Amino acid sequence: MELNKFKNRNISEDYITVQEDNYPKTSWDMFKQVMVRSVKGELFTGLKITFGIMYRALFKGEMATVQYPKEKLPIGPRYRAVHKLLRLLESGEERCIGCGLCEKICISNCIRMETRIDENSRKEVMQYTINMGRCIFCGYCAEVCPELAIVHGGRYENSSEQRAHFSLKEDILTSANGLGAQLEFDGYGSVSPDADKKIKKTPLSY
């Protein structure tokens with residue numbers, strides 16, 4: 001390709017300039033164009049649609065607008081909202097083992113974890129905080145967790161007046177009384193399909 005052809009950005013001859021010939025040049029031409037379009041009914045066609053929607057909303061109850069917060073749209077099952085820390089259904093204990101993988105993989109550097117060794121020589125999670133002001137809800141922490149202890153829940157209303165509320169362990173941890181409403185997710189560490197039968201057995205028979 002020659003240099004002149006390379007500089008020519010109009011590489012195609014099939015371009016059509018819209019309204020190149022009849023584009024109004026003066027104010028009188030603009031006025032005539034508006035009048036012609038109004039007589040043809042283009043303006044009234046749009047008004048007809050608008051008034052039709054307004055009539056159905058006011059007199060037939062066909063309101064298209066969601067009246068938030070009284071009405072809320074359902075969210076998708078894979079929507080990544082505020083995090084939740086889950087418990088074991090069998091014992092009610094916390095699933096988090098304090099491995100720290102979520103803290104290390106967090107690209108926003110917003111997860112902080114404090115652990116200690118308890119009297120049984122096991123690691124115990126003392127504090128688990130997520131700075132929701134920095135979190136981008138990428139889902140890496142939930143992906144890397146080997147015990148499915150941290151997941152994304154469906155609570156997307158997390159506004160607050162204080163940054164300190166974003167977010168303590170007590171806010172996202174499933175309460176001991178709320179195990180019945182805890183949703184389970186497929187993957188390593190999740191409850192097996194025959195968990196009900198296994199609960200009746202001793203832990204050594206798992």
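Note that the structure is a prediction, hence the values are computed from the model and not measured.

*Asks:* Go over the side chain of histidine 152, please, and point to the residues and values.
*Replies:* Within the secondary structure, histidine 152 is located in strand 4 (residues 150–152). Separated by 2.8 Å, the side chain of histidine 152 and the backbone oxygen of alanine 81 make a polar contact.

*Asks:* If you had to explain the pairing of strand 3 (residues 123–130) to someone new, which residues and values would you point to?
*Replies:* By the bridge criterion, 7 bridges tie strand 2 (residues 111–117) to strand 3 in an arrangement that is antiparallel. Opposite arginine 112, over in strand 3, you have threonine 129 as the bridge partner. Joining the antiparallel neighbours strand 2 and strand 3 is a turn of 5 residues, in which serine 121 adopts a positive phi near 60°.

*Asks:* How would you summarise the nonpolar core if you had to cite specific residues and measurements?
*Replies:* Side chains of nonpolar character tend, in soluble globular proteins, to be buried together. Formed by 19 residues in total, the largest nonpolar core has its most connected members in Ile111, Tyr128, Ile130 and Ile150. Where this core is concerned, the elements lending two or more residues are strand 2 and strand 3.

*Asks:* How would you explain the UniProt feature "binding site: [4Fe-4S] cluster 1" (unreviewed entry) in the protein if you had to name every residue and give the values?
*Replies:* Within this numbering scheme, the UniProt entry marks Cys96, Cys99, Cys102 and Cys145 as carrying the feature "binding site: [4Fe-4S] cluster 1" (unreviewed entry). Taken along the chain, the residues just named run across 50 residues; in space they keep tight, none of their C-alpha pairs more than 10.5 Å apart. Among the structural elements, cysteine 96 can be located in the loop between strand 1 (83–85) and helix 4 (101–105). Once residues lying within four places of it in the same chain are set aside, the contact partners of cysteine 96 are Met113, Val125 and Ala149. With respect to the helices, strands and loops of the structure, cysteine 99 is situated in the loop between strand 1 and helix 4. Apart from the residues lying within four places of it in its own chain, the contact partners of cysteine 99 are Lys104 and Pro146.

Definitions and limits used
Residues numbered from 1 in each chain as written. Predicted model: local features only at pLDDT ≥ 70, side-chain atom pairs only at ≥ 80, totals over all residues. Heavy atoms only, no water. Helix = DSSP H or I, 4+ residues; strand = E, 2+ residues; numbered from the N terminus. Polar contact = N/O pair within 3.5 Å; in protein donor to acceptor, adjacent residues only side chain to side chain. Pairing = 2+ DSSP bridges. Core = buried A, V, L, I, M, F, W, Y, C linked by side-chain atoms within 4.5 Å. Buried < 20%, exposed > 50% of the residue type's maximum accessible area, 1.4 Å probe, protein only. UniProt positions renumbered as here; feature names shortened; annotations may be inferred. Contact = heavy atoms within 4.5 Å.

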